[in-house]
Amino acid sequence: MGPGMETVDVAVVALYFVLVLAIGFFAMRKANRSTVSGYFLAGRSMTWIVVGASLFVSNIGSEHFIGLAGSGAASGFAVGAWEFNALLLLQLLGWVFVPVYIHSGVFTMPEYLSKRFGGNRLKVYFAFLSLLLYIFTKLSVDLFAGALFIQESLGWNLYLSIFLLISMTALLTVTGGLVAVLYTDSLQAVLMIGGALTLSILSLIKVDGLEGVRTKYMLAVPNVTAIMAAGNFTYSPSCRIDPKPNALRVLRGPLDEDIPWPGFLLGQTPASIWYWCADQVIVQRVLAAKNIVHAKGATLMAGFLKILPMFLIVIPGMISRILFADELACIGPEHCMSVCGSHAGCSNLAYPRLVMAVMPMGLRGLMMAVMIAALMSDLDSIFNSASTIFTLDIYKTARPKASQRELLITGRLFVVIMVVISIAWVPVIIEMQGGQTYLYIQEVAGYLTPPIAALFLLGVFWKRCNEKGAFCGGMTGFTLGVARLILAFIYRQPRCDQPDDRPAFIVNIHYMYVATGLFWITGLVVVVVSLCTAPLDEEHVRTTTFWGVRNIKKVPTEDRKDTYRLTEKIHYSADGSLQEELPLDVREEECLDGAHVIPLIPSTDCDPETPRTETSPLATTPEQSGSARSEMIRKESCHVSGETSRCRRFLQWFWGYKEGAQSSKQDVVPEDARAIAERLYEPPRIKTLLNVGLFINVCLAIFMYVFFSL
């Protein structure tokens, strides 16, 4: 058993695994995983509490506990600016982007670009870029951060920890789909907040509260003499060991090496717009909400929760430096290597060291469960969203006639490929950005995502923006960003005891200013090319812009029983009797053979999001319908009689595919106009309440910026 972990701690972790797997498999049994909408969008039936909790824990992964706390230990309050920015950008998602996505009826963000601009090249470009970002800034970082915590707690090998964690997460996601992800996220949100809050309170008591943090952090300097005597290390004055003079400010001067305020506002914010408003991991959760009211409620809830990381993660990281300055603020590369195995720095150890030192027996196991919860929630979110993008936007584009079964299995197998690449990238992460994991994520995203933010903003707000302009602007920004990213990997930051001979434009130009240039250059190219070429047809902008949403007439949801109606069209059942024609939203719960199903989510094997491409039996003659039904019964009897082996039936259950429940050539289509109008409707009183919540949220974000910058 690893150092610091007792039997009680391990028992708590084991109990956590049992709970998560029980909830995941419960959702797997009840949910409709054999359809595209059931697996990828949870039937669009989730409430604001479930979606809001999932938004929070999908964002707060293990890289936040390791990275935010590590950056807090290294540079103070500054890293909290990203958390306060999220309060505002989440509401931009709920009030501007989500209504557009619902109106356009999309499953994925690349699909939105395809509907907005036409063609497939923007869709495929964004799909590939999203997958690259998932692998190099999310999956690999999460794996490293989670495994680092387990290595520190249990003494396990780093890569063994990665293998065990990813196996458990992949099992849950591959089998359960988005429903399992959302329900386990709800449990993980409770664990995460409860455990981190406990550690934060115990830590603040040790340093005499928040004022004690402000005072003692500025004095947290390692004992150079004692360290040199104990380990025969050398100290170089170029290796910074003193806290930064402006460590207690969030927004800093324009030349600051961490967060220059002009670069943050003009460059980092566009990169964050991509993450919060156009990233599949985040948007997919909001699209799973029942309607726009639940979607806005979820973004408000997640926004208020985003205040917590400053107090639950960043400040504990600063406290860790106060308590363990001799280890976290190492005096040279050799000292860093002996402490944490990296020449770049050891600030990533801040949170796990604090847990093992402050938490009593039993609660250490709780914090281990919290870290596993953070890792698994982030990983299962990424697995599900990445497989959605690859399956629906890349694979289906290459194979438009792929069957439902082929699409579902392809999405699950793609998860395995992502895992292998991510593990191989872990060694690069360890050495980037002076050992500060969180800043590595922001730097890579800062070079690749601002052009995407420009495309989405112009696409949503400017009707004149066309496909040629968007593609030229996107390619220009992408080319410049990739070139700068490659240079960052070539010219690595040297060890602190060695001279920095990198080119001046690498050393002196902060990546946030590069992001600023990429965003505005992309926007300029898009505008110029769009104005010089023909505008798009009205059909492309009618449902895909903010102005289109404002013009649509929203209607309240009718009583589902009243939506049944007889029409002039005659439909026959298998026995030749008249059948009622059901609207699309009612047919969601009606199987072709007339059997009603009451699932955990309002979506069944006869999924309206994936209707048949061949003629429906409802529109056939009685003879044809009766013949088709006889053929179905014959196939089912063969299936029951043993033609399909037990092993095959188990695999079909495990993969979530129900053979015979649907056509093998189903496609994905959006909801009808009536269903969309209902999803966008807001009762007047609830709309007022949501707008009050929006005002409070914005005021709170401004207050937090001011309070931590004075």
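Residues numbered from 1 in each chain as written. Predicted model: local features only at pLDDT ≥ 70, side-chain atom pairs only at ≥ 80, totals over all residues. Heavy atoms only, no water.

Q: Talk me through the overall build of the chain; I want residue IDs and the actual numbers.
A: Looking only at helices and strands, the chain features 31 helices and 0 strands. Looking at the chain as a whole, 58% of its 710 residues are labelled buried. Of the roughly 28100 Å² that the chain leaves accessible, carbon and sulfur atoms contribute 65%. (Helix = DSSP H or I, 4+ residues; strand = E, 2+ residues; numbered from the N terminus. Buried < 20%, exposed > 50% of the residue type's maximum accessible area, 1.4 Å probe, protein only. Areas by Shrake-Rupley, 256 points an atom, 1.4 Å probe, with all protein chains shown as cover.)

Q: Go over the nonpolar core, please, and point to the residues and values.
A: Residues Phe-65, Trp-82, Leu-93, Phe-97, Tyr-101, Tyr-351 and Phe-456 are the most contacted members of the largest nonpolar core, which totals 178 residues. With 19 residues, the single largest contributor to this core is helix α7 (residues 121–154). If sequence neighbours within four positions are ignored, Phe-456 has contacts with Phe-97, Tyr-101, Met-109, Tyr-112, Leu-113, Phe-126 and Ala-278. Counting residues in each nonpolar core, the second largest holds 5 residues, with Val-224, Ile-227, Phe-233 and Ile-241 among its members. (Core = buried A, V, L, I, M, F, W, Y, C linked by side-chain atoms within 4.5 Å. Contact = heavy atoms within 4.5 Å.)

Q: An account of helix α24 (residues 511–532) is needed here, citing residue identities and associated values.
A: Under the 1.5 Å per step criterion, the end-to-end length of α24 is 32 Å for 22 residues, consistent within 8% with the ideal 32 Å. Within the span of α24, buried status applies to Tyr-511, Met-512, Val-514, Ala-515, Thr-516, Leu-518, Phe-519, Thr-522, Gly-523, Val-526, Val-529 and Ser-530. (Expected span 1.5 Å × (residues − 1).)

Q: Pulling in residues and values, what's your account of the packing of aromatic side chains?
A: Counted by the stated rule, this structure contains 21 aromatic pairs. With a centroid separation of 5.0 Å and 85 degrees between ring planes, the pair formed by Phe-707 and Phe-708 is classed as edge-to-face. The class for Phe-707 is partly exposed, based on a relative accessible area of 37%. A relative accessible area of 1% places Phe-708 in the buried class. Linked through ring pairs, Phe-77, Phe-84, Phe-311, Phe-703, Tyr-705, Phe-707 and Phe-708 together constitute an aromatic cluster. One Lys or Arg, Arg-121, reaches over the ring of Phe-471 and ends 4.0 Å from the middle of that ring. (Phe/Tyr/Trp six-rings, centres within 6.5 Å; stacked < 30°, edge-to-face > 60°. Lys NZ or Arg CZ within 6 Å of the ring centre and 35° of its normal.)

Q: Go over the pattern of salt bridges, please, and point to the residues and values.
A: Pairs can form between side chains of opposite charge once their charged atoms are near each other. A complete count under the given rule lists 16 salt bridges for this structure. Across the pair Arg-399 and Glu-406 runs a salt bridge whose closest N-O atoms are separated by 2.6 Å. Its relative accessible area of 22% is what places Glu-406 among the partly exposed residues. It is possible to trace a salt-bridge network through shared partners that takes in Arg-240, Lys-244, Arg-252, Asp-256, Glu-257 and Asp-258. (Salt bridge = Lys/Arg side-chain N within 4 Å of Asp/Glu carboxyl O.)

Q: Break down the state of the cysteines for me, with residues and values.
A: For the structure shown, the criterion picks out 1 disulfide. Here Cys-330 engages in a disulfide with Cys-336; their sulfurs sit 1.9 Å apart. One disulfide, between Cys-330 and Cys-336, carries an S-S torsion of 75 degrees and so falls in the right-handed class. No difference in accessibility class separates Cys-330 from Cys-336, as the two residues are buried. (Disulfide = S-S within 2.5 Å.)

Q: Describe in detail the environment of Val-10, supporting the description with residues and values.
A: Residue placement: Val-10 occurs in helix α1 (residues 7–30). Accessibility expressed as a relative area gives 36% for Val-10, which makes it partly exposed. Along the chain, Val-10 and Ala-369 lie 359 residues apart, while their C-alpha atoms are 9.3 Å from each other.

Q: So what about the packing of helix α22 (residues 467–490) against α24? Which residues, and what values?
A: At a minimum axis distance of 7 Å, the contact between α22 and α24 shows a crossing angle of 155 degrees. The orientation of α22 with respect to α24, classified from their angle, is roughly antiparallel. By crossing handedness, the relation of α22 to α24 is classed as right-handed. Contacts between α22 and α24 involve Lys-468, Gly-469, Ala-470, Cys-472, Gly-473, Gly-474, Thr-476, Gly-477, Leu-480, Gly-481 and Arg-484 from the first element and Val-514, Leu-518, Ile-521, Thr-522, Val-525, Val-526, Val-529 and Ser-530 from the second. (Axes fitted to C-alpha atoms, helices over the stretch in contact; angles between N-to-C directions. Parallel < 35°, antiparallel > 145°, perpendicular 65-115°, else oblique. Left-handed = near helix turned anticlockwise from the far one by under 90°.)

Q: Can you break down the side chain of Thr-516 residue by residue, with the values?
A: Mapped onto the elements, Thr-516 comes out in helix α24. Using a relative accessible area of 13% as the deciding quantity, one classes Thr-516 as buried. For Thr-516, the residues in contact, after removing those within four places along its chain, are Gly-263, Leu-266 and Gly-267.

Q: Describe in detail the confidence of the model for the chain, supporting the description with residues and values.
A: On average, residues of the chain carry a pLDDT of 76, and 75% of them reach 70 or more. Put simply, helix α27 (residues 584–587) is where the chain has its lowest mean pLDDT, 43, and α24 is where it has its highest, 95. pLDDT under 50 marks residues 32–43. Its contacts with residues more than four places away, or in other chains, come to 78 contacts. In the predicted structure, residues 559–644 sits below a pLDDT of 50 and forms 131 contacts with residues beyond four places in sequence or in another chain. (pLDDT = per-residue confidence, 0-100.)

Q: Outline helix α31 (residues 684–707), supporting the account with residue identities and numerical values.
A: Here α31 spans 35 Å end to end across 24 residues, near enough to the 34 Å set by a 1.5 Å rise per residue. Along α31, the residues classified as buried are Leu-690, Gly-693, Asn-697, Ala-701, Met-704 and Tyr-705. Contacts made by the buried residues of α31 are with α5 (81–104), α11 (261–278), α13 (292–305) and α14 (308–323).

Q: Break down the packing of α13 against α31 for me, citing the residues and quoting the values.
A: Between α13 and α31, the shortest axis-to-axis distance is 10 Å and the interhelical angle comes to 25 degrees. With respect to their mutual orientation, α13 and α31 come out roughly parallel. The hand of the α13/α31 crossing is left-handed. Facing Val-293, Lys-296, Gly-297, Leu-300, Gly-303 and Phe-304 of α13, the residues of α31 in contact are Ile-686, Leu-690, Gly-693, Leu-694, Ile-696, Asn-697 and Leu-700.

Q: Explain a nonpolar patch on the surface residue by residue, including any values.
A: Taken together, the side chains of Trp-156, Leu-160, Phe-163 and Leu-164 define a hydrophobic patch exposed on the protein surface, amounting to about 400 Å² of accessible area. Positionally, Leu-164 belongs in helix α8 (residues 158–206). Judged by relative accessible area, Leu-164 falls into the partly exposed class, the value being 41%. (Patch = residues over 30% accessible without salt bridge, like charges linked within 9 Å, V, L, I, M, F, W, Y side chains within 5 Å.)

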